Amino acid sequence: MSENNNTNGVEEIDINHLMQIRRDKLKELQDAGKDPFEITKFNRTNSAGEIKANYENFEEKYVTVAGRIIAKRIMGKASFCTIQDSDEKIQSYVSINDLGEEKYKEFKTWDIGDIIGITGFVFKTKTEEISIHANEVTLLSKSLRPLPEKFHGLKDTDLRYRQRYVDLIMNPEVKNTFVMRSKIIKEIRNILDEKGYLEVDTPILNTISGGATAKPFITHHNTLDISMYLRIATELNLKRLIVGGYDKVYEMGRIFRNEGMDIRHNPEFTTIELYAAYEDYNDMMNITEEIFSKCAMKVCGTTKINYQGQDIDLTPSWKRITMIDSIKEACGVDFNEIQTDEEAVKLAEERGMEFADNTKRTRGDVIAMFFDEYVEKTLIQPTFIYDYPVEISPLAKRKPSDPRLTERFEVFIGGREYGNAFSELNDPIDQYERFKKQVEAREAGDDEAGMMDDDFINALEYGMPPTGGLGIGIDRLIMLLTDAASIRDVLLFPTMKPINNA
């Protein structure tokens, strides 16, 4: 019994029957002492991409390649098959004259999805397709499941995310997204390393949840018999290192937040946070522009990109505007003329805004509400919004000219936030008071509010120099530069609800 190697047959034959056919083939090989799973190593000389990109250097030369069979055409005593390796696909001509009758008969039983090795010389067919004339073929791994039919089996995005391994096999452009992801991350490290930043590691498990406003994941350490929190930010530990005497540090790694999921949010995601002593938020604006523009040049070849139909120019220098001025520009309301909490709340109510249960009724909180309502969605070209209210910036330094504001900015592109930065608060007395307000909010029911971190206050009391700090969402940056609509498209293994719990 043989399986139809045309992938259209997958829809015509029961999947379990196809799998049984493949298992039967494997059993025959094993009984004949030809178990492919006993092979431990295969020596390749070249990749398909290398050969196709440099045909002049490989013509008539012998090579050994390996990859997955993605197409096969049997023509009596000769056949063509196409394999796909990590970066390309290449055709091979296989004949009974080169392999011998027994080996060629065996080759004809191999299936789409099987992984094979091919040794032969490189040539071009009459249609000018670069190919390998096989003298030897080796079955390296048996695929016991048929691949999905290309044009119908991969439109279910939920299945693609759950079975990323199949998605990568069937969609080479998906594989390229993650190659670009790796290049972007490497470029960011190169930029910071050249500027003298030290890459460090800080704990993922912490006894206190801090450094951001977010709901944490909680776990339990059995030996210590204590609750622990997966980090929601790396900020406080990195600033401890600035106290300790490092001038420039950064960490790129996973962050965990027990919050909602949508096209921009996954419970675990990658960020970079960096801190530089004796710098401020203006310096962080400059390095943000440099990171985005250089990463764009690295993977796109230009700083002028298109994201989801929007033309965006990442070329420095970007627009810089205060939060209050951006609101005035968008809707005509000038919060410089509104001095009290009562005035601000009344204005919000007149505009039909509703306060969430955990939203404080302060001037600063109302400013943030107006920004969210009127401004954020309008910021298509890269824009730095700076000077945030102190009520929503518990870790940023107050602005000397107006202590109701902080030296903080966020960067927006395409109506979305991509980074957050401060002139870091280094006054331990002020920091303690702001932590107390976070604790009060938490006790009032805000499970995203921060906790009191006595050790961080202790660190600040030893003295931290003026410091600029920056955090960038790596996944969002990669979405921007790969034109990905969803964060799940740039995570190899996004969080998914188990099927049996659906």
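Here the structure is shown first, and the text comes after it.
Residues numbered from 1 in each chain as written. Predicted model: local features only at pLDDT ≥ 70, side-chain atom pairs only at ≥ 80, totals over all residues. Heavy atoms only, no water.

Participant: Before we move on, could you go through the sheet that holds strand E3 (residues 89-95) and cite the residues and values that matter?
Facilitator: The mixed closed barrel is built from five strands, whose spatial order is E1-E2-E3-E5-E4. Between one strand axis and the next, the sheet turns through 55° on average, direction left out of account. Direction of pairing for E3 relative to strand E5 (residues 130-141): parallel, over a ladder of three bridges. Opposite Ser92, over in E5, you have Ile132 as the bridge partner. (Pairing = 2+ DSSP bridges. Helix = DSSP H or I, 4+ residues; strand = E, 2+ residues; numbered from the N terminus. Axes fitted to C-alpha atoms, helices over the stretch in contact; angles between N-to-C directions.)

Participant: So what's going on with the environment of Thr125? Residues and values would help.
Facilitator: Here Thr125 shows up in the loop between strand E4 (115-124) and E5. Residue classification places Thr125 among the buried positions, given a relative accessible area of 12%. Along the primary structure Thr125 and Pro403 are separated by 278 residues, whereas in three dimensions their C-alpha atoms are 75 Å apart. Once you skip the residues sitting within four places of it in the chain, Thr125 turns out to touch Phe80, Gln91 and Ser131. (Buried < 20%, exposed > 50% of the residue type's maximum accessible area, 1.4 Å probe, protein only. Contact = heavy atoms within 4.5 Å.)

Participant: If you had to explain the nonpolar core to someone new, which residues and values would you point to?
Facilitator: Counting residues in each nonpolar core, the largest one holds 44 residues, and the members touching the most others are Ile188, Ile291, Leu480 and Leu481. The dominant element in this core, judged by the number of residues it contributes, is helix H10 (residues 281-300), at nine residues. When neighbours within four sequence positions are excluded, Leu480 is seen to be in contact with Phe292, Ile305, Tyr307, Ile312, Leu314, Ile413 and Tyr418. Of all hydrophobic cores here, the second largest spans 29 residues; its members include Ile51, Val94, Trp110 and Leu139. (Core = buried A, V, L, I, M, F, W, Y, C linked by side-chain atoms within 4.5 Å.)

Participant: If you had to explain a negative patch on the surface to someone new, which residues and values would you point to?
Facilitator: Judged by side-chain charge, Asp341, Glu342, Glu343 and Glu391 come together as a negatively charged surface patch. By the element assignment, Glu342 lies in helix H12 (residues 341-350). (Patch = residues over 30% accessible without salt bridge, like charges linked within 9 Å, V, L, I, M, F, W, Y side chains within 5 Å. Areas by Shrake-Rupley, 256 points an atom, 1.4 Å probe, with all protein chains shown as cover. Salt bridge = Lys/Arg side-chain N within 4 Å of Asp/Glu carboxyl O. Lys, Arg positive; Asp, Glu negative; His and termini not counted. Charge placed at Lys NZ, Arg CZ, Asp CG, Glu CD.)

Participant: Now, about the sheet that holds strand E8 (residues 218-221): what can you tell me, with residues and values included?
Facilitator: Strand order in the open sheet formed by three strands is E7-E9-E8, with antiparallel pairing between adjacent strands. Looking at the sheet topology across the chains shown, the edges are occupied by strand E7 (205-206) and E8. As paired elements, E8 and strand E9 (residues 226-230) share four bridges and run antiparallel to each other. In the sheet register, Ile218 faces E9, and the bridge partner there is Tyr229.

Participant: Outline the side chain of Arg416, supporting the account with residue identities and numerical values.
Facilitator: One can find Arg416 in strand E18 (residues 416-423). Buried and unpaired, Arg416 has no salt bridge, with Asp262 as the nearest side chain of opposite charge at 7.9 Å.

Participant: Go over the pattern of salt bridges, please, and point to the residues and values.
Facilitator: If you walk through the whole model with that rule in mind, you get 34 salt bridges. For Arg181, the salt bridge goes to Asp475, with nearest N and O atoms at 2.9 Å. Placement of Arg181 in helix H8 (residues 172-194) and of Asp475 in helix H16 (residues 474-482) is noted, with a sequence separation of 294 residues between them. In terms of burial, Arg181 and Asp475 fall into one category: buried. In this structure, Arg404 and Asp402 form a salt bridge, with 3.2 Å as the shortest nitrogen-oxygen distance. Classification of Asp402 by relative accessible area gives buried; the value is 14%. One network of salt bridges, in which partners are shared, links Arg22, Lys25, Asp111, Asp114 and Lys142.

Participant: For the packing of H8 against H16, give the residues involved together with the corresponding values.
Facilitator: For the pair H8 and H16, interaxial distance at closest approach is 10 Å and the crossing angle is 120°. With respect to H16, the axis of H8 lies oblique. In this structure, H8 crosses over H16, and the sense of that crossing is right-handed. The residues of H16 that touch H8, namely those facing Thr177, Met180, Arg181, Ile184, Ile185 and Ile188, are Ile474, Asp475, Leu477, Ile478, Leu481 and Thr482. Grouping the amino acids of the contact of H8 with H16 by side-chain chemistry returns eight nonpolar, two polar and two charged. (Parallel < 35°, antiparallel > 145°, perpendicular 65-115°, else oblique. Left-handed = near helix turned anticlockwise from the far one by under 90°. Nonpolar A, V, L, I, M, F, W, Y, C, P; charged D, E, K, R; others polar.)

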